[in-house]
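One letter stands for each residue in the lines below.
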Amino acid sequence: LAAQIIDGKAVAERVRRKVGEDATALRAGGVAPGLAVVLVGEDPASAVYVRNKAKAARECGIEAFDHKHDATISEADLLALVQRLNSDPAVDGILVQLPLPKHINAQKVLESIDPMKDVDGFHPENVGRLASGMPRFVPCTPLGCMTLLAEVETVLTGARALVIGRSNIVGKPMAQLLLQKDCTVTVAHSRTRDLADEISRADIVVAAVGKIDTVRGEWVKPGAVVIDVGMNRKPDGKLCGDVEFAAAAERARAITPVPGGVGPMTIAMLLANTVQSARRRLK
Ligand code: NAP
């Protein structure tokens, strides 16, 4: 392979060690950082995510408060729980795992989280702050992607960056972050006319679609940096991204694998956001 493979696991490990040091320092100052993790329903993938987040938090010296509820919980009861967490001084970060059951308005729940404890960065106030160049909490996955770009010393100023996908969780905040770093940003989505052409001009490609082989290797500009956010299951059950990895790695300068690329960074950045929030209590 021509490309440098970006080791997200190793970078995430480094971020988590730093978070652990920060948590220790906070505790020495009398502040035990706390993360509340709210899970509603039985979705197996969500259950795994939540368990991993809580476990990773504890390993870094962050208190994790688990709140598991049946899918039958009412919207009112869930909103009441969020209010309790908002006013609980031991809680620095509140994470409500998505998706929520259909009878609950997820946007309403996200908006009920205290923006100062919104470590996922999904509250409209934090979304607006990011878009206005005054970021507070930045969504964890795009933040992790920026860290990986820095890891391979990607020149951002003036670079043509293509973000594929425009979700609130990944695509849109990713585009904002790249724009802030002076990239010339294009956002592609399902209605984009000629994706191959967009990809072939991009110095940086961030793929966040959720479809196997959305980015064909032959489309990648030689020397580009490719960040693959996608998480897909192949028919044989193996995990893969949105990028045709082997072919893209022949042309790219650096590329993230799946698994072991962006995935581990998301949790690491969540922990980093949580200690950032806890630091406010010291002041
Ligand atoms: P999403 O909300 O489903 O958004 C997917 C985006 O892809 C949409 O904007 C959609 O366009 C666009 N799209 C669909 N088909 C396309 C095509 N053929 N060409 C170009 N764009 C296309 O997904 P998401 O939440 O952003 O997640 C994206 C992927 O990242 C998923 O595989 C998810 O599992 C993964 N993910 C990974 C992590 C991690 O930690 N590694 C974190 C979050 C998400 P429209 O807007 O036009 O529909």
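Our subject is the structure that appears above.
None of these values were measured; they are calculated from a predicted model.

Criteria and thresholds
Residues numbered from 1 in each chain as written. Predicted model: local features only at pLDDT ≥ 70, side-chain atom pairs only at ≥ 80, totals over all residues. Heavy atoms only, no water. Salt bridge = Lys/Arg side-chain N within 4 Å of Asp/Glu carboxyl O. Helix = DSSP H or I, 4+ residues; strand = E, 2+ residues; numbered from the N terminus. Buried < 20%, exposed > 50% of the residue type's maximum accessible area, 1.4 Å probe, protein only. Right-handed = clockwise from strand over helix to strand, strands pointing away. Near = heavy atom within 4 Å. Polar contact = N/O pair within 3.5 Å; in protein donor to acceptor, adjacent residues only side chain to side chain. Nonpolar A, V, L, I, M, F, W, Y, C, P; charged D, E, K, R; others polar. Pairing = 2+ DSSP bridges. Axes fitted to C-alpha atoms, helices over the stretch in contact; angles between N-to-C directions. Contact = heavy atoms within 4.5 Å.

## Quick look at the pattern of salt bridges
Piece 1. Across all of its chains, the model carries 15 salt bridges by this definition.
Piece 2. Residues glutamate 75 and lysine 108 are paired through a salt bridge, measuring 2.9 Å at the closest nitrogen-oxygen approach. Here the residue glutamate 75 occupies a position in helix 3 (residues 75-87), and lysine 108 occupies one in helix 4 (residues 106-112), the gap between them amounting to 33 residues.
Piece 3. Ionic pairing is found between glutamate 218 and arginine 216, a salt bridge with its closest N-O pair at 3.8 Å.
Piece 4. Three or more residues joined by partner-sharing salt bridges are found here, namely Arg16, Lys55 and Glu59.

## Concerning the pairing of strand 5 (residues 160-164)
Piece 1. Across the five residues of strand 5, four count as buried, placing the element largely inside the fold.
Piece 2. A crossover links strand 5 with its parallel partner strand 6 (residues 184-188), the connecting element being helix 7 (residues 171-180), and its sense is right-handed.

## Considering the site of the ligand
Piece 1. The immediate surroundings of the ligand are formed by 18 residues, with Arg166, Ser167, Ser190, Lys211 and Thr266 found nearest.
Piece 2. Serine 167 is positioned with one of its side-chain polar atoms (N or O) 2.5 Å from an oxygen atom of the ligand.
Piece 3. Between the ligand and the protein, one listed contact pairs an oxygen atom with a side-chain N or O atom of threonine 266 at 2.7 Å.
Piece 4. Of all the elements, helix 10 (residues 262-282) adds the most residues to the shell around the ligand, at three residues.
Piece 5. For the shell around the ligand, the per-class residue count stands at seven nonpolar, nine polar and two charged.

## Notes on the sheet that holds strand 2 (residues 34-40)
Hydrogen bonds between backbone groups are what pair the strands of a sheet, and the pairing can be parallel or antiparallel.
Piece 1. Taken together, the three strands give an open sheet; going across it, the order is 3-2-4, and neighbouring strands pair in parallel fashion. Lying at the two open borders of the sheet, with one neighbouring strand each, are strand 3 (63-69) and strand 4 (93-96). This sheet shows a mean twist of 15° between the axes of neighbouring strands, independent of strand direction.
Piece 2. Note: strand 2 against strand 4, four bridges, orientation parallel. What sits directly across from alanine 36, in strand 4, is isoleucine 94.

## Details of the side chain of glutamate 75
Piece 1. Among the residues examined, glutamate 75 registers a relative accessible area of 18% and is labelled buried.
Piece 2. Those residues in contact with glutamate 75 that sit more than four places away from it in its chain are His103, Ile104, Asn105 and Lys108.

## Some details on the environment of glycine 34
Piece 1. Structurally, glycine 34 can be placed in strand 2.
Piece 2. Looking at glycine 34, the relative accessible area reads 0%, which means it is buried.
Piece 3. For the pair glycine 34 and valine 220, spaced 186 residues apart in the sequence, the C-alpha separation amounts to 42 Å.
Piece 4. Residues contacting glycine 34, with those up to four places away along its chain left out, are Ile62, Glu63, Phe65, Ala90, Val91, Asp92, Gly93, Thr274 and Arg281.

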